[in-house]
Amino acid sequence: MSIAETSKTGWREWLLSERPHSRTQARLGRSYMTWRRFTANKLAVIGLFIILALVFVAIFAGLLAPYSPVVGDLRGSRLLAPDWTHWMGTDDQGRDILSRVIYGSRLTLYVIVLVALIAAPIGLIVGTVAGYAGGWTDAILMRITDIFLAFPKLILALAFVAALGPGIENAIIAIAITSWPPYARIARAETLMVRNSDYIKAIEIMGASPARIVLRHIMPMCISSLIVRVTLDMAGIIIIAAGLGFLGLGAQPPLPEWGAMIASGRRFILDQWWVAAMPGMAILIVSLGFNLLGDGLRDALDPRSSGQ
């Protein structure tokens, strides 16, 4: 389709064309339809806005935070109630809670990204290999997966981080180790649906190796379902990370980790409620944002959804 014809019919009609003239046009059309289904869910758009706000705050924390997150004023600013000087009040060390919550968003985003980058590929590889290979390979990999699924995530993460030692990096490793089994289950289910399809059989007849079939043709089919599950799991990851921080096994003082902030504020919960309530509200809002975003992605990426 020429530029003149595109200008005449408009970009919308070009994207929604039932007879695309190129792969690029077809891909852009599918992406546009996915975006339309996503934006039709207003709660999902709110969730996306919350996550984008989290990313923005984490990137520009140095500019947005009015005070240092680790240096306080014990003499004149200890346990001050929220006011125009300290919007979220101060903690028992005289540190501005708003600044600590803002810098804590960096740690939260750091944990989320690294856990997703570690756990999702592991689950994808284990699930697709088990589903395509079948037989004893499938049995062994799935029994290992069942062992991990038999334990509650937080309990298993506590065991791993207790063995590895306290610290944000060890907490990330422990959470990632406990997070991959559901992704493996999803990837295996998707693989079982397509491994006997005519499309895969044709590729096998053409002489493609099992590794190439899994990497180039089966894994891409599992990615959309995996993205939805990872997004929905982000709230749980945040809760587990906060739980480890609350127990002193995650980020260590004076790092402004939200769970550790709640732990330090629990001693003042009756009189100085804001010390624990403000980071708790941050956890609530961000977790809600990921849940809303995940619901929207599930509807938008579902191939059974009808185009509007």
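Residues numbered from 1 in each chain as written. Predicted model: local features only at pLDDT ≥ 70, side-chain atom pairs only at ≥ 80, totals over all residues. Heavy atoms only, no water.

1. Observations concerning the pattern of salt bridges
Then comes step 1: One pass over the full model with this rule turns up nine salt bridges.
Then comes step 2: Across the salt bridge formed by aspartate 91 and arginine 95, the nearest N and O atoms sit 3.0 Å from each other.
Then comes step 3: Judged by its relative accessible area of 3%, aspartate 91 is buried.
Then comes step 4: In this structure arginine 95 comes out as buried when scored by relative accessible area, which is 11%.
Then comes step 5: A salt bridge links arginine 298 to aspartate 295, with the shortest nitrogen-to-oxygen separation between them at 2.9 Å. Of this pair, arginine 298 and aspartate 295 are both found in helix α13 (residues 274–301), three residues apart, which corresponds to roughly one turn of the helix.
Then comes step 6: Classification of arginine 298 by relative accessible area gives partly exposed; the value is 42%. (Salt bridge = Lys/Arg side-chain N within 4 Å of Asp/Glu carboxyl O. Buried < 20%, exposed > 50% of the residue type's maximum accessible area, 1.4 Å probe, protein only. Helix = DSSP H or I, 4+ residues; strand = E, 2+ residues; numbered from the N terminus.)

2. Concerning the packing of helix α8 (residues 153–164) against helix α11 (residues 210–246)
Then comes step 1: The geometry of α8 relative to α11 is characterised by a closest axis approach of 10 Å and an angle of 45° between their N-to-C directions. In terms of axis orientation, α8 runs oblique to α11. The way α8 lies across α11 gives a crossing that is right-handed. Seen from α8, the contacting residues are Lys153, Leu154, Ala157, Leu158 and Val161; seen from α11, they are Asp233, Ile240 and Leu244. (Axes fitted to C-alpha atoms, helices over the stretch in contact; angles between N-to-C directions. Parallel < 35°, antiparallel > 145°, perpendicular 65-115°, else oblique. Left-handed = near helix turned anticlockwise from the far one by under 90°. Contact = heavy atoms within 4.5 Å.)

3. As for the nonpolar core
Then comes step 1: In this structure, Val111, Ile175, Trp258 and Phe290 are the most contacted members of the largest nonpolar core, which totals 65 residues.
Then comes step 2: Those elements that provide at least two residues to this core are α4 (42–59), α6 (97–133), α8, α9 (168–194), α10 (198–205), α11, α12 (258–265) and α13.
Then comes step 3: Every residue in contact with phenylalanine 290, bar those within four places of it in the chain, is listed here: Ile51, Leu54, Ile112, Thr231, Met234, Ala235 and Ile238. (Core = buried A, V, L, I, M, F, W, Y, C linked by side-chain atoms within 4.5 Å.)

4. As for empty space enclosed by the protein
Then comes step 1: Per the counting criterion, the structure on display carries two cavities of 30 Å³ or more.
Then comes step 2: Together, 16 residues line the largest cavity, and Thr108, Val111, Ala241, Ala242 and Glu257 are the ones closest to its centre.
Then comes step 3: Elements supplying a minimum of two residues to the lining of the largest cavity: α6, α9, α11 and α12.
Then comes step 4: For the lining of the largest cavity, a count of residues per class yields twelve nonpolar, three polar and one charged.
Then comes step 5: Volume-wise, the second largest cavity comes out at about 40 Å³.
Then comes step 6: As for the second largest cavity, its lining consists of Asp91, Ile97, Arg100, Met261, Ser264 and Val275.
Then comes step 7: Of all elements in the fold, only α6 and α12 reach the threshold of two or more residues within the lining of the second largest cavity. (1 Å grid on protein atoms, 1.4 Å probe; cavity = no way out; pocket = protein on both sides within 12 Å on 5 of 7 lines; lining within 4 Å. Points joined across faces, edges and corners; volume = space filled by probe spheres on them. Nonpolar A, V, L, I, M, F, W, Y, C, P; charged D, E, K, R; others polar.)

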